[in-house]
Amino acid sequence: MMLERRWTCLLFAALALLLVAPRDARAGAPSNQLRQQVDEVIRILDRPDRGSPAERQAIREVVGKIFDFQETAKRSLGPHWQQRTPAQREEFTRLFADLLEQSYISRIEQYTGEKVAYTGDALEGEQATVHTKILTKKGTEVPIDYRMEHKGDRWVVYDVVIEGMSLISNYRTQFNKIIRTSSYDDLVAKMRAKEFAPPPVGSTSKRPS
């Protein structure tokens, strides 16, 4: 349980911690764009309506620019995605986006002063990985990578990897377990009722397909 809570907190803190990441002259287009979008969150947090529904909605809109929720949802659902109708895919993407957005926004509001360093970009065609490290108050470093892809005129995040553990792989494991032991409809019902908890740390693939 301690490992599960630690990993979950790091995951949901990842975006919030970028708010104080120092600029790095080596940063390429993906990390530069990510930082620009996070700067929007900083401006929102500086508004006088801190904590209001309007502020939360504004943050949600920025988070929606940072993440490609459909791609993340598709990869997290794995082979079960192909079996879904267009309407089911649309609903699942919306529910999955709500799950991630609410968790991230909650963590942004609980930020406690950790620091982050950008350590560079790794570009491979239309995909990139932005490497960062959380510098904790205890003096330890936690590597967090943001996997991004180029769509249209922008870079979007589709996965977050913390200490080698992938967001997509963790959710895929949990989603697959519920579908195989119960049903896809049961998974969606849990997500609609907001009964789905963040997946625990466990056996995951470091490079999801």
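Residues numbered from 1 in each chain as written. Predicted model: local features only at pLDDT ≥ 70, side-chain atom pairs only at ≥ 80, totals over all residues. Heavy atoms only, no water.

(A) Fine view of the overall build of the protein chain. Scanning the protein chain from N- to C-terminus turns up seven helices and five strands. From first element to last, N terminus to C terminus, the protein chain shows the α and β order α-α-α-α-α-β-β-β-β-β-α-α. Out of the 209 residues in the protein chain, the part that is buried amounts to 47%. Surface accessibility of the protein chain: about 10500 Å² in total, with carbon and sulfur atoms responsible for 51%. (Helix = DSSP H or I, 4+ residues; strand = E, 2+ residues; numbered from the N terminus. Buried < 20%, exposed > 50% of the residue type's maximum accessible area, 1.4 Å probe, protein only. Areas by Shrake-Rupley, 256 points an atom, 1.4 Å probe, with all protein chains shown as cover.)

(B) View of unusual backbone geometry. Although it is not a glycine, E163 adopts a positive phi angle of roughly 50°. When you line up the elements, E163 lands in the loop between β4 (154–162) and β5 (165–166).

(C) Focus on the packing of helix α6 (residues 167–181) against helix α7 (residues 184–192). Direction vectors running N to C along α6 and α7 enclose 125°, while the axes themselves pass 7 Å from each other. Here α6 lies oblique to α7, going by the angle between them. Residues F175, I178 and I179 of α6 form the contact with α7, whose participating residues are Y184, D186, L187, K190 and M191. Split into classes, the residues belonging to the contact of α6 with α7 amount to six nonpolar, no polar and two charged. (Axes fitted to C-alpha atoms, helices over the stretch in contact; angles between N-to-C directions. Parallel < 35°, antiparallel > 145°, perpendicular 65-115°, else oblique. Contact = heavy atoms within 4.5 Å. Nonpolar A, V, L, I, M, F, W, Y, C, P; charged D, E, K, R; others polar.)

(D) A look at helix α3 (residues 53–66). With 14 residues, α3 extends 20 Å between its outermost C-alpha atoms, agreeing within 8% with the 20 Å of an ideal straight helix rising 1.5 Å per residue. Inspection of α3 places E55, A58, I59, V62, V63 and I66 among the buried residues, and these make up the whole buried set. Burial along α3 is one-sided: seen end-on, the buried residues are contained in an arc of 140°. (Expected span 1.5 Å × (residues − 1). Arc of directions from axis to C-beta.)

(E) Seen up close, the packing of helix α4 (residues 69–77) against α6. Following both chains from N to C, one finds α4 and α6 inclined at 55°, their axes separated by 7 Å at the closest point. Classified by the interaxial angle, the pair formed by α4 and α6 is oblique. Between α4 and α6 the crossing geometry is right-handed. Taken together, the residues of α6 that come into contact with α4 (itself represented by T72, R75, S76 and L77) are L167, I168, Y171, R172, F175 and I179. Classifying every residue of the contact of α4 with α6 gives six nonpolar, two polar and two charged. (Left-handed = near helix turned anticlockwise from the far one by under 90°.)

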